[in-house]
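# Residue-level structure breakdown
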Amino acid sequence: MSYLRTFFVIIILAFSASCLAYEGQILFSGNEIHYEVEEADGEVVILIGDGPGFSSSYMKGILSGRKTLRYDQLESGSSKNHSDVAIDFQYFVAELASLIFSLEINSFHLLGHGFGSAIAVGFALTNPEGLLSLVMINPRLNLPAIDSALSDLADGESSQSFDKFYYLFGDGPTSELKPVLSRDIINEEIYNLFWGETPTFISGILRGHDFSSGLLDINVPILICSGLNSFPGVKNLLTFQEGSPNIEFVTFMNSGHLPMLEEKKAFKTIVEDFLQRAEENFSHQGQQEMNLDDMSEVPGDMVFGWEDLEKVHELHVGDDFSVKLPSNRGAGYFWKVKSLDENSIRLISDPYYEELKESGGGRDVFDFRVVGSGKSSIEFSFGSLWEETSIRTSSFSINVEKPNIDPIIIDSSDVGKTIVVGLNEPIEVILDSPIDSGLRWRISATTPEVLRQPRENEVKITEPSPYSAGKVAQTFYFEGMNYGQARLRFDYGSLWEDVAPEKTFEATIVVAEPVREYVFVQDSDYGRTISIRIDQTVLVRLKKGNEEDCEWQLSSYSAVEPVGDITEVEYMGVRYSVFRLKPTDSGDSMLEFLYFEGEKRREQVDAFKIGLVITEESGQEMSPDQK
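Residues numbered from 1 in each chain as written. Predicted model: local features only at pLDDT ≥ 70, side-chain atom pairs only at ≥ 80, totals over all residues. Heavy atoms only, no water.

## A short note on the overall build of the protein
The helix and strand inventory of the protein stands at nine helices and 35 strands. Counting across all 627 residues of the protein, residues that qualify as buried make up 48%. For the protein, contacts bridging at least 24 residues in sequence account for 69% of all contacts bridging at least 6. Within the structure as shown, the protein displays about 30,500 Å² of accessible surface, and the carbon and sulfur contribution to it stands at 48%. (Helix = DSSP H or I, 4+ residues; strand = E, 2+ residues; numbered from the N terminus. Buried < 20%, exposed > 50% of the residue type's maximum accessible area, 1.4 Å probe, protein only. Contact = heavy atoms within 4.5 Å. Areas by Shrake-Rupley, 256 points an atom, 1.4 Å probe, with all protein chains shown as cover.)

## A closer look at the pattern of salt bridges
Taken as a whole, this structure holds 25 salt bridges when the rule is applied. In this structure, arginine 363 and glutamate 129 form a salt bridge, with 3.3 Å as the shortest nitrogen-oxygen distance. Placement of the pair is arginine 363 in strand β15 (residues 362–370) and glutamate 129 in the loop between α3 (115–124) and β6 (131–137), with a sequence separation of 234 residues. On the accessibility criterion, glutamate 129 (35% relative accessible area) is partly exposed. Salt-bridge contacts for aspartate 320 lead to arginine 369; the nearest nitrogen and oxygen are separated by 2.7 Å. With aspartate 320 in strand β11 (residues 320–327) and arginine 369 in strand β15, the pair connects residues that are 49 residues apart, well separated along the chain. Residue aspartate 320 is classed as partly exposed on the basis of its relative accessible area of 26%. Among the ionic contacts, a cluster of salt bridges with common partners joins Arg442, Arg487, Arg489, Asp491 and Glu506. (Salt bridge = Lys/Arg side-chain N within 4 Å of Asp/Glu carboxyl O.)

## Some points on helix α6 (residues 188–195)
Here α6 has its buried residues at Ile190, Tyr191, Phe194 and Trp195. Take α6 and look down its axis: the buried residues cluster within an arc of 110°, on one side only. On the buried face of α6, the contacting elements are α2 (89–102), α3, α4 (143–155) and α5 (164–168). Residue asparagine 187 occupies the N-cap position of α6, its side-chain oxygen lying 3.0 Å from the main-chain nitrogen of glutamate 189. After α6 finishes, the residue glycine 196 shows a positive phi value of roughly 90°. (Arc of directions from axis to C-beta. Polar contact = N/O pair within 3.5 Å; in protein donor to acceptor, adjacent residues only side chain to side chain.)

## Looking at the pairing of strand β3 (residues 44–48)
Among the five residues that make up β3, five are buried, leaving the element largely enclosed by the rest of the structure. Covered by surrounding structure in β3 are Val44, Ile46 and Ile48 together with Val45 and Leu47, the residues of both alternating faces. Pairing analysis gives five bridges linking β3 to strand β5 (residues 108–113), with the strands arranged parallel. Bridge pairing in β5 places leucine 47 opposite leucine 111. In the sheet, β3 pairs with strand β4 (residues 68–71) via three bridges, with the strands oriented parallel. Residue isoleucine 46 lies in a different strand from β4, and its bridge partner there is leucine 69. (Pairing = 2+ DSSP bridges.)

## Quick look at the pairing of strand β10 (residues 312–315)
Of the two faces of β10, only the one carrying His313 and Leu315 is buried; Val312 and Glu314 on the other face are not. Inspection of the sheet shows β10 paired to strand β17 (residues 392–400) by four bridges, in the parallel sense. Counted as the bridge partner of histidine 313 is isoleucine 398 from β17.

## A look at the sheet that holds strand β28 (residues 529–533)
The four strands lie next to each other as β28-β35-β34-β30, forming an open sheet whose pairing is mixed. Both outer strands of the open sheet, β28 and β30 (550–556), are each paired with one neighbouring strand and no more. Averaged over all pairs of adjacent strands, the angle between strand axes in this sheet comes to 30°, irrespective of strand direction. By the bridge criterion, six bridges tie β30 to strand β34 (residues 587–597) in an arrangement that is antiparallel. (Axes fitted to C-alpha atoms, helices over the stretch in contact; angles between N-to-C directions.)

## Observations concerning α4
Taking 1.5 Å as the rise per residue, α4 with 13 residues should run 18 Å; its terminal C-alpha atoms sit 18 Å apart, in good agreement. Every buried residue of α4 is listed here: Leu143, Ile146, Asp147, Ala149, Leu150 and Ala154. For α4, the angular spread of the buried residues around the axis is 165°, confining them to a single face. Exposed and facing more than 90 degrees away from the buried side of α4 are Asp152 and Asp155. Buried residues belonging to α4 abut α5 and α6. Where α4 begins, the side chain of asparagine 142 points an oxygen toward the backbone nitrogen of alanine 145, at a separation of 3.1 Å. (Expected span 1.5 Å × (residues − 1).)

## Examining the nonpolar core
Ranked by size, the top nonpolar core spans 105 residues in total, and within it Ile46, Leu110, Leu111, Trp195, Phe267, Phe321 and Phe380 carry the most contacts. Among the elements that line this core, the one with the most residues is α2, at 10 residues. Every residue in contact with leucine 110, bar those within four places of it in the chain, is listed here: Ile46, Ile48, Leu96, Ala120, Phe123, Leu131, Ser133, Leu134 and Val135. Formed by 24 residues, the second largest nonpolar core is a distinct cluster that contains Ile408, Val421, Phe478 and Tyr492. (Core = buried A, V, L, I, M, F, W, Y, C linked by side-chain atoms within 4.5 Å.)

## What about the sheet that holds β3?
The eight strands lie next to each other as β1-β2-β4-β3-β5-β6-β7-β8, forming an open sheet whose pairing is mixed. Since the sheet does not close on itself, it has two edges, and those belong to β1 (21–28) and β8 (247–252), each with one partner. Here the strands of the sheet are splayed against their neighbours by 20° on average, with no regard to which way each runs. Where β5 and β6 come together, six bridges link them in parallel fashion. Across the sheet, histidine 113 pairs through a bridge with isoleucine 137, a residue of β6.

## Notes on a negative patch on the surface
Negative charge collects at one region of the surface, where Glu547, Glu548, Asp549 and Glu599 lie side by side. Among the structural elements, aspartate 549 can be located in the loop between β29 (537–544) and β30. (Patch = residues over 30% accessible without salt bridge, like charges linked within 9 Å, V, L, I, M, F, W, Y side chains within 5 Å. Lys, Arg positive; Asp, Glu negative; His and termini not counted. Charge placed at Lys NZ, Arg CZ, Asp CG, Glu CD.)

## Quick look at the side chain of glutamine 536
Mapped onto the elements, glutamine 536 comes out in the loop between β28 and β29. Of the polar contacts made by the side chain of glutamine 536, one reaches the backbone nitrogen of arginine 533; its length is 2.9 Å.

## Describing the confidence of the model for the protein
Across the protein, the average pLDDT comes to 85, with 88% of residues at or above 70. Within the protein, the element-level pLDDT minimum falls on helix α1 (residues 2–18), averaging 42, and the maximum on β3, averaging 98. In the predicted structure, residues 286–299 sits below a pLDDT of 50 and forms 35 contacts with residues beyond four places in sequence or in another chain. Overall, residues 618–627 carries pLDDT values under 50, and its contacts beyond four positions in sequence, including any with other chains, amount to 20 contacts. (pLDDT = per-residue confidence, 0-100.)

## Details of the environment of tyrosine 557
Topologically, tyrosine 557 is positioned in the loop between β30 and β31 (560–562). Here the alpha-carbon distance between tyrosine 557 and methionine 590, two residues 33 residues apart in the chain, equals 5.9 Å.

## Re the packing of aromatic side chains
Following the criterion strictly, the structure yields 38 aromatic pairs and no others. With a centroid separation of 5.2 Å and an interplanar angle of 40°, the aromatic rings of phenylalanine 28 and tyrosine 91 are classed as tilted. Here the residue phenylalanine 28 occupies a position in strand β1, and tyrosine 91 occupies one in helix α2, the gap between them amounting to 63 residues. Note on accessibility: phenylalanine 28 and tyrosine 91 belong to one class, buried. (Phe/Tyr/Trp six-rings, centres within 6.5 Å; stacked < 30°, edge-to-face > 60°.)

See below:
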């Protein structure tokens, strides 16, 4: 009986274990990239194998008990090439990014082996959001140094028997282990593309690259694992640690190129301890959440983030707002506006990228203006430079209540006048003609980028009576859809004959911006000239680093004066300096801000300039009877 019980327990455990692993494929640039996941608690560790050209299967189980994701690079293992896309190093970085974005992995560790370490470093240098740490096993980063070591070895051996492959992948003649990464299992074509066919030195596209030069720019904890008997040796890898407090180094005394297989227990213990400490450090620092309250010290600023997608937001006509979405342009991934209803929402500036170097990742920033009422949405798509198909799409929806505003009535008595209206404010132009004339009014000129016609024109006929002649009242409907000046012209004449009109009606419509207390200026406005009124306040918000020894200073200005102290605010992991400036005189002005870093903030590293045109206008709107 106990035998049967044990048998069933073993079966159940085996079945449970099998449920902890699964595999799948993502499509990247038309190619199938195969991956396998070993499920467990905790943050995922993404395993990047050596090569290129080897299956990642040799790394299976190296961190048992930890959630891992490993994948086969294109032209390796079970991944399938269905396209003619050029494969280079940047492709492999983008391939890794596609895997992370497609599987919607928000936080992760990277663990690269050999050439896989170079891919991990290349991706880490794009400053991805969610990266917790970087582990490298016998990394192939400094290719010129490896070339030099190969040359020294080749000098002592016969050129006919020397083959760099054995030194690169630990399958050398002195190895006591059964070969794990050998010539009979590598894809020779992709290997030769990157490492070259020449047996004594690197002659492929990796030649001359030194990925180690960027290690100082990676701001997450780094662990380098070296086998004592690995090529090109511990001394070569120790140079990567110089000058970086983020890098830890460990040598496995009984290992060569594969310490995760040669000293499994020690490797797992050391790496697991490192990963745990990295997660604790990240937890203590606190992850910045996207919260509009962080910008409460910047009045009037309306900013939405990733967590605001797929929701409906109540806005008003005339509201300007920004949408900031996390992207990774360094790896070739970005957001774009797929579609929007221009009758309700307008993109008011070119999208731009805001890098968050200190906290990881970056943001694609889109600035919009609400120009119409009703329900509407903006469709965003996220994808890469390598493929047309988006990885994902998301929408940002708004609901704008139609304002209960009486229409502005314009009739023949308003000919030649300038009439000021607000955005989305209804306008009715009513022009009469005798009922028996056979002549009618028609629109001959307008400015469609400023005014739109929300509905069809209407004709109302009044029959003659003993007290009045019959007439035809034609009503033309307009509303402002963008700020600016529009020309309206109507011709009166035959609708069927191409002859000169008997008379015309013209008026100028100004769709005026609401009187705002603040004019906002930010990094993307560099070099622009901005018009403001003398009764407005200029609010300049400039991104700065997280270090204490850095600051923006207002170095040159005229016709304005600073109001109050510089305000420091933080939003979505970025610190900003905010300046408030009040105009003192009308005319032209140039503002210059200088950015300083280093000891005692003495080293100037950046500058920001804008021009101002200050007018005396009070901003009061003219009524329809004002010319």
